[in-house]
Structure formats: structure tokens, C-alpha cells
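# Understanding the architecture of this molecule
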Amino acid sequence: MKTLYPKSLESLREHVKTHIPTLYVMSKTSTVIAYDLLSESLSEQCIVDLSSLPSKIKLDGEDLSISGAVTWQDAIDFLKGTDREIMTYPTDKSACVLAGLATSCTGEMAFGYGTFRQQVIECEYMDYKGEVNKLTHKDHIIDKNYKELTDKYKFFKNPPMPRFDRECDLMIGTEGQLGIITSAKIKTTPQQAYTCLFIKLPKWEVDFRAHLEIVEQVQNYRDKIRICEFLDSNSLTYLKDPLFEDLDLIVLEVKESELEYIFENFLMNLKHISDEDIFEINRSKFLALRVEIPRNVNETNARSGVVKKGTDAQVRIEDFEKLMEFYRSWSKLGIKYNLFGHLGDCHLHFNFNPGQAEVKTVEKELLKFYHLISSLKGSPFAEHGIGIVKQAFIKNYHTETVKALFKKLKVKHDPKDQFFPSGWLS
């Protein structure tokens, strides 16, 4: 399988017009594409790496216009000299913004700012003819029955199928299966001073009443708190300098101007948290440890020959206790794990780190898990996409209405079946 590195839109266009079945990649940070096993898992004849495309970035009024291989770190650095900032980014800021758009990533700040999808004003994409088209944020309902289905998932960051409520949605979350995103314009927000509050809790495996209380109460403060993150005691062991032992951690990122209000009206009224377990910490320290933990998990697994198997499910607030109970049953299997993620959105990632002899057990448990998420009418993959790795678990969510629309979209936008034909839209 050959890999091409186009250095201009014209050279990209030349390849697109060959109609060769291709997987288009950019930053290769996705967790749903097994990049080291592509030759075994794909029917594509070619990989096109878009990371060599020229990148451009500019502030257009209050909106950020980007094209090519702009990373999240590029966007953050570009805005440092302005009074604006972006409203989302992944843990790995070396990822490319347009790749995140294609997979509909959301990130930690979705709690306060909403999803990346909501921040996109317009985007451009190259179609199967090699022509560049513009999509806007105006309403564009593709199919009434399909919309009724996705409307049932309004609470969720991403439903089990793409939303198609706006023109831009044709490209957002469809993972490059209908065209190649070449540029986008996204909203920014005025820079404000934020601080981090660390909240120590008992280990969730023993007692998660405090976790549930915070989830319920924090919903009232989304305009003042932009992240509500969770790191369990197992996650914290991956820090070079652990903060504390045998305790979980919840992190709130709070507007400095609202800090006193949050203490008086929210934190001091929690029944299961003592004020001695709440302390303020520098925001940069949290950002550093948030990067350090997954990096060290991956390095540890690589040294041990372990392949991480994780979840990306989101449930409604009223079902969060059931999700935690199920995760608690996994904690008793004797397989190494850690739990972390976006507590305020009821969206956590349980990562199994199994030895070779434990892989089959984990796969059976994951099947049970996705049956549970289906019964709760939750979203099985709320953040990181489906790719190749998760296709087996998504099929039951795709009804005849969904599959009929997928086929219609593929015929119209990819008649040569050249854009990621191994993907789930096919």
C-alpha cells in the first residue's frame, strides 16, 4: 500500500481525479484507526497523507480561518497575541484541526462551550471531481425521518450516526468518507482568566456518591465552569510525581471572576465533599498532567506489548449511576484499567490494559457494554469517531433508515467509492 504526500491542492486534485480507493489521513493521532495494521484492515489501495499541505491561519474579525495542516497548537499559539481564544482542543495538541473536524472531536471544554460542531461557521471540501465546494452553518435537513432519529440524541455530543442539520454537517463526523476538508472557519471567544480547582474524592470503586452529586449539581454552572474532568486513582499512578494515593480527582476550570460565587453556591453545599478536599491549583499544572497521564499510559503499554481497549460512551444524567455500576463490575475482573474523562457530560473513558491472555475476556465484556449503552439509549462513541476499530459495535445502531441515507449520500458524493471505502458509511 503506497503513501502519497501532496504538497498542494493541485497535486491533491490530481490524485482525487484518478478515483483510486484511498484513506486520507493528516495527523495520525486518531485512536479508531490502527495505523500499524492498515494493510490488514483496509480495502483501500492508497494512503494520502495531508500533513504536507501548506497551512494558513488568520483571524477574520472574531473568527479563525484555517486551511491545510494547521494543528491545535498552531491555532493556540497564533491567538496568543490577540484577545481571542479557541473553544476546544484535544489532549494531543499536535493533532490537526481539520482532522478533528472530520471525526467530530469534542474535547474537555465541550462542557462549557459545546462541541466543535457548534463552533464551525463554514468549511470547504474537495469532492470526487477534484472541485472545492463551500458549506455553511445554515439549516439543511437531508431527510426528515433521519432527523427525527438524531433528534432523540440531542443531549449527546455525537449520536451513533452523524447529524445532518446544517450544510457543514455533511463533512463533520463523516470521517472523510464523502470528501476531503480543505479549510474551515471557526468561532473564537474572548480570552478570560481561568483557574483550576482540584477536588479529592474517595475511589469510585469503593464509593461514587460524591461523583454522582457533582455530576448532578455542576449542570447549573456551565456558564461559569468550562471543564469538569475526572481522573481516577489508577490514572494518577501514571504521573511521575503522584498528587496523592488511593483517591480520585475531579478538576473544574472556573472563571476567576466567578470563583467566589462557585464556592459559595456550589462547592460549599455539596453533602459528600469537605472543603478541605478542595484546593486551587495553577491551570498550567493541570494541562501538563492531563497530557502526561495518557502519554505515560501509552508508553507503559508499548513497553509491555499491551494494546489498550477503551470506551467512548456517553449517557444521560439519569443513567449515569448505571454506567458507573457497570464500570464497577469491570474493576473486579482483575484486569489492569483506568477511568477518566468528561464527568460533567456523563462521558467517561474506561481503558482496559489487558495482557495477551486477557484480550478475549475484554472483547466479550465490551460486547456486553455496548448492549447496555444501547438499552440506555446512550451514545456509544461520543467523541473519537468510529473508524475501523469500532465498526463491529456500531452496526446495531444503524437502522434501515440510517443505512438508506448512508447509501444515498455515498452514491451522490462518492459515486466511485474512492473516499475511505472501508469506512462505516459503506
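Before reading further, recall that the structure is shown in the block above.
Residues numbered from 1 in each chain as written. Predicted model: local features only at pLDDT ≥ 70, side-chain atom pairs only at ≥ 80, totals over all residues. Heavy atoms only, no water.

### What about the pattern of salt bridges?
The condition is simple: Salt bridges are identified by distance alone: a Lys or Arg side-chain nitrogen within 4 Å of an Asp or Glu carboxyl oxygen. Only DSSP runs of H or I covering at least 4 residues are called helices, and only runs of E covering at least 2 are called strands; the numbering of each starts at the N terminus. Type-normalised accessible area, obtained with a 1.4 Å probe on protein chains alone, sets the label of each residue: buried when under 20%, exposed when over 50%, and partly exposed for intermediate values.
In the structure shown here, the tally under the stated rule is 26 salt bridges. Across the salt bridge formed by Lys134 and Glu122, the nearest N and O atoms sit 3.6 Å from each other. One end of the pair, Lys134, is in strand S8 (residues 132-136); the other, Glu122, is in strand S7 (residues 120-126), and 12 residues separate them in sequence. Lys134 sits in the partly exposed class, given a relative accessible area of 48%. Residue Arg222 pairs with Asp345 through a salt bridge whose shortest N-O separation is 3.1 Å. With Arg222 in the loop between helix H8 (209-218) and strand S12 (225-231) and Asp345 in the loop between strand S17 (337-342) and strand S18 (347-352), this residue pair connects regions lying 123 residues apart in the sequence. You can call Arg222 partly exposed: its relative accessible area is 26%.

### Some points on the packing of helix H12 (residues 320-330) against helix H13 (residues 359-375)
Operational definition: In this description, a line fitted to the C-alpha atoms serves as the axis of each element, helices being fitted only across the stretch in contact, and the angle between N-to-C directions of two axes falls anywhere from 0 to 180 degrees. Orientation is classified from the angle alone, with under 35 degrees giving roughly parallel, over 145 giving roughly antiparallel, 65 to 115 giving roughly perpendicular, and any other angle giving oblique. By definition in these notes, contact holds between two residues if any of their heavy atoms fall within 4.5 Å. Note that Gly is not counted as nonpolar here; it falls among the polar residues with everything else outside the nonpolar set of Ala, Val, Leu, Ile, Met, Phe, Trp, Tyr, Cys and Pro and the charged set of Asp, Glu, Lys and Arg.
Running from N to C, H12 and H13 cross one another at 170°; their axes reach a closest spacing of 11 Å. In this view, H12 runs roughly antiparallel relative to H13, as classed from their interaxial angle. Packed against H12, whose contacting residues are Leu323, Phe326, Tyr327 and Trp330, the element H13 presents Glu365, Leu366, Lys368, Phe369, Leu372 and Ile373 at the interface. Residue composition of the contact of H12 with H13, grouped by class: eight nonpolar, no polar and two charged.

### Concerning the packing of aromatic side chains
As a reminder, the rule being used: Ring geometry is summarised as follows: Phe, Tyr and Trp rings, the Trp one being its six-membered ring, pair when their centres sit within 6.5 Å, and such pairs are stacked at plane angles under 30 degrees, edge-to-face over 60 and tilted between the two. Placement of a charge over a ring requires the Lys NZ or Arg CZ to be within 6 Å of the ring centre, with the centre-to-atom vector within 35 degrees of the ring normal.
If you walk through the whole model with that rule in mind, you get 25 aromatic pairs. Between Tyr327 and Phe350, the aromatic rings sit 5.2 Å apart at their centres with planes inclined by 25°, giving stacked as the arrangement. Placement of Tyr327 in helix H12 and of Phe350 in strand S18 is noted, with a sequence separation of 23 residues between them. Using a relative accessible area of 0% as the deciding quantity, one classes Tyr327 as buried. Among the aromatic side chains, those forming a connected cluster through ring pairs are Trp204, Phe326, Tyr327, Trp330, Tyr337, Phe350, Phe352, Phe369, Tyr370, Phe381 and Phe393. Between Arg226 and the ring centre of Tyr194, over which it is positioned, the NZ or CZ distance is 3.8 Å.

### Some details on the pairing of S8
The cut-off we apply is this: At least two DSSP bridges between two strands are required for those strands to pair.
Two elements, S7 and S8, share five bridges in a ladder whose sense is antiparallel. Paired with Met126 across the strands is Val132, a residue of S8. Two successive antiparallel strands, S7 and S8, enclose a turn made up of five residues, where Gly130 displays a positive phi of approximately 85°.

### A word on the packing of helix H7 (residues 144-151) against helix H15 (residues 400-413)
This is how the line gets drawn: Each crossing gets its handedness from the near helix: less than a right angle anticlockwise from the far helix is left-handed, clockwise is right-handed.
Two elements in contact, H7 and H15, have axes separated by 10 Å at closest approach and are oriented at 125°. On the basis of the axis angle, H7 is oblique to H15. Here H7 runs over H15; the crossing is left-handed. Mapping the contact onto sequence places Asn145, Tyr146 and Leu149 in H7 and Thr401, Val402, Leu405 and Phe406 in H15.

### Focus on the sheet that holds strand S5 (residues 63-67)
Taking strand neighbours across the sheet as the criterion, the five strands line up as S4-S5-S9-S7-S8 in an open arrangement whose pairing is antiparallel. Unpaired on one side and paired on the other, strand S4 (56-60) and S8 mark the two borders of the sheet. Averaged over all adjacent pairs, the angle separating strand axes in this sheet is 15°, with direction ignored. On the sheet, helix H1 (residues 9-16) packs against S7, S8 and strand S9 (180-187) and is oriented at approximately 60° with respect to S7.

### A word on the nonpolar core
Our working definition: Residues belong to a common nonpolar core when they are buried Ala, Val, Leu, Ile, Met, Phe, Trp, Tyr or Cys residues joined through side-chain atoms within 4.5 Å.
Core analysis: the biggest nonpolar cluster contains 127 residues, and Ile214, Leu252, Phe266 and Phe320 have the highest contact counts within it. When neighbours within four sequence positions are excluded, Leu252 is seen to be in contact with Thr195, Cys196, Leu197, Ile199, Val218, Ile225, Ile227, Cys228, Phe266 and Leu267. In this structure, Leu23, Val32, Ile33 and Phe420 belong to the second largest nonpolar core, which totals nine residues.

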